[in-house]
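Each chain, letter by letter, is given below.
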Amino acid sequence: MTEAQQRKKEKIDYIIEQCKYLRAKEKLTINNFGKRQDLKLYIWKNAEYNQEKNINNTVRIETKRFGEIEDKTDEITFENLREELERIYIYKNYSE
């Protein structure tokens, strides 16, 4: 694994771990994301999330580059979060 691949993996692992601790409606902001580290992610926990019953445990992501919205997702389950973060990381329209 190259150093760049290791950094990418560590960043994605960190984001996933932080998303586990978010409460309903809470937001996580991630700077310097993507191949060029020029993306800013805003990740929101589902407003309907019920921590006690673990119901609606999803997040949605808004990606900005230079202050402009580049991408928005629908609700993402934790099973699909890594895949979605990988897609955003290498998205050709704004990371390559």
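Check the entry above for the structure.
Numbers given to residues run from 1 along each chain, matching the order in which its sequence is written. Thresholds applied to this predicted model are a pLDDT of at least 70 for local features of residues and 80 or more for the giving and counting of side-chain atom pairs; totals over whole chains, interfaces and linings are not thresholded and use all residues. Side-chain figures throughout are based on the complete set of non-hydrogen atoms in the structure, without hydrogens or water.

A closer look at helix H2 (residues 78-90)
Point 1. Numbering of helices and strands runs from the N terminus, with a helix taken as a DSSP run of H or I at least four residues long and a strand as a DSSP run of E at least two residues long. For a helix, the expected span equals 1.5 Å multiplied by the residue count minus one. Along its 13 residues, H2 runs 19 Å from first to last C-alpha, staying within 8% of the 18 Å computed at 1.5 Å per residue.
Point 2. Buried within H2 we find Leu 81, Glu 84, Leu 85, Ile 88 and Tyr 89. Relative to the axis of H2, the buried residues are bounded by an arc of 135° and lie together on one face. Away from its buried face, by an angle of more than 90 degrees, H2 presents the exposed residues Glu 79 and Glu 83. Here the term buried applies to any residue with accessible area under 20% of the maximum for its type, exposed to any over 50%, and partly exposed to those in between, with areas from a 1.4 Å probe on protein chains only. Picture the helix axis, draw a direction to every C-beta atom, and the arc is the one those directions span.

Section: the layout of surface pockets
Point 1. We place a 1 Å grid over just the protein atoms. Points where a 1.4 Å probe fits but has no way out form a cavity, open points with protein on both sides within 12 Å along at least 5 of 7 lines form a pocket, and any residue with an atom within 4 Å of a point lines it. Grid points are joined across faces, edges and corners, and a volume is the space filled by probe spheres set on the points. Here the largest pocket defines a volume of roughly 170 Å³.
Point 2. Contributing to the lining of the largest pocket are Ala 4, Arg 7, Lys 8, Lys 11, Asn 32, Phe 33, Gly 34, Lys 35, Gln 37 and Tyr 89.
Point 3. Elements supplying a minimum of two residues to the lining of the largest pocket: helix H1 (3-21) and strand E1 (27-33).
Point 4. Among the elements that make up the lining of the largest pocket, the one with the highest residue count is H1 (4 residues).
Point 5. Among the residues making up the lining of the largest pocket, the classes are represented as 3 nonpolar, 3 polar and 4 charged. Any residue outside Ala, Val, Leu, Ile, Met, Phe, Trp, Tyr, Cys, Pro, Asp, Glu, Lys and Arg is labelled polar, Gly included; the first ten of those are nonpolar and the last four are charged.

Digging into the pattern of salt bridges
Point 1. Here a salt bridge means any side-chain nitrogen of Lys or Arg lying within 4 Å of a carboxyl oxygen belonging to Asp or Glu. Applying the stated criterion across every chain, the model contains 8 salt bridges.
Point 2. With a closest N to O distance of 2.7 Å, Glu 86 and Lys 8 form a salt bridge. Residue Glu 86 is found in helix H2, and its partner Lys 8 is found in helix H1; the two are separated by 78 residues along the sequence.
Point 3. Relative accessible area serves as the criterion here: at 27%, Glu 86 is assigned to the partly exposed category.
Point 4. Salt-bridge contacts for Lys 20 lead to Glu 17; the nearest nitrogen and oxygen are separated by 3.6 Å.

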